[in-house]
Amino acid sequence: MRSVTYSMNVSLDGYIVGPDGGFDWSEPQPEVFRFWIDEIRDVGVHLMGRRLYETMLYWETADQDPALGDAEREWIALWNPLPKVVFSTTLSAVEGHARLASGGVAEEIERLRAEPGEGDIAIGGATLAAQAAEAGLIDEYRAIVYPVLVGGGIPFFPRDERRVDLELVETRPLAAKVVYLRHRVLR
């Protein structure tokens, strides 16, 4: 069965964006960007909400920029053909290899797990992750922890989530004191 993973950059105090909606503190250095390139290789489909989808739309046409480096071009070659499912009540169409979800996140994950396919089902975005966590569908939490306290905003973990016991699978220091933490849900 395909694993469901939730991966995001997160502040040390647990937020993916600050109270002003900003996340400039998480702009990846080359080593962190390399980590995300390697991480995306194991993804078979990526689920995301409207805000993350709109942020990531940049990559659909970024290859037109002659100033891009090799790492950015490698990311584009992996990201753009990757199937994506966008959850939105306001969008009527999406671009690239994306499609709008036809149901809720739990139904979509169950459908994707039932289909033949390889690679993880990755979730990007706290709102979707909270819905999947509530249904007990997340298999791994993967956090890139940045050494900053933002004081509020959108939390990485839902505040009303039930107790979930985790097993530490991997930790890895990355550039500029950024730390990768990977935990598997114990069932």
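Just above sits the structure.
Residues numbered from 1 in each chain as written. Predicted model: local features only at pLDDT ≥ 70, side-chain atom pairs only at ≥ 80, totals over all residues. Heavy atoms only, no water.

**Brief notes about the pattern of salt bridges**
- Applying the stated criterion across every chain yields a total of 19 salt bridges.
- Where Glu170 meets Arg172, a salt bridge forms, and the shortest distance between an N and an O atom there is 2.8 Å.
- Look at Glu170 and you get partly exposed, because its relative accessible area is 23%.
- Look at the salt bridges and you will find they share partners, linking Glu39, Asp120, Glu140, Arg142, Glu167, Glu170, Arg172, Arg182 and Arg184 into a network. (Salt bridge = Lys/Arg side-chain N within 4 Å of Asp/Glu carboxyl O. Buried < 20%, exposed > 50% of the residue type's maximum accessible area, 1.4 Å probe, protein only.)

**Side note on helix 6 (residues 126-134)**
- Those residues of helix 6 lying buried are Ala126, Leu128, Ala129, Ala132 and Ala133. Down the axis of helix 6, the sector holding all buried residues measures 160°, keeping them to one side.
- Where helix 6 terminates, the next one or two residues include Gly136, which has phi positive at roughly 70°. (Helix = DSSP H or I, 4+ residues; strand = E, 2+ residues; numbered from the N terminus. Arc of directions from axis to C-beta.)

**Quick word on the packing of aromatic side chains**
- Under the definition given, this model contains 12 aromatic pairs.
- An angle of 75° between the planes, with centres 6.2 Å apart, marks the rings of Tyr6 and Tyr141 as edge-to-face. In this pair, Tyr6 is assigned in strand 1 (residues 4-11) and Tyr141 in strand 7 (residues 140-146), connecting sequence segments 135 residues apart. Each member of the pair, Tyr6 together with Tyr141, is buried.
- Ring centres of Tyr58 and Trp59 lie 4.9 Å apart, and the angle between their planes is 75°; on these two criteria the pair is classed as edge-to-face. (Phe/Tyr/Trp six-rings, centres within 6.5 Å; stacked < 30°, edge-to-face > 60°.)

**What about the packing of helix 1 (residues 30-40) against helix 4 (residues 70-79)?**
- Following both chains from N to C, one finds helix 1 and helix 4 inclined at 25°, their axes separated by 10 Å at the closest point. Accordingly, the angle class assigned to the pair helix 1 and helix 4 is roughly parallel. As for the relative orientation of helix 1 and helix 4, their crossing is left-handed in sense. Residue-level contacts link Phe33, Arg34, Trp36, Ile37 and Ile40 of helix 1 to Ala71, Glu72, Glu74, Trp75, Leu78 and Trp79 of helix 4.
- The class makeup of the residues in the contact of helix 1 with helix 4 is 8 nonpolar, no polar and 3 charged. (Axes fitted to C-alpha atoms, helices over the stretch in contact; angles between N-to-C directions. Parallel < 35°, antiparallel > 145°, perpendicular 65-115°, else oblique. Left-handed = near helix turned anticlockwise from the far one by under 90°. Contact = heavy atoms within 4.5 Å. Nonpolar A, V, L, I, M, F, W, Y, C, P; charged D, E, K, R; others polar.)

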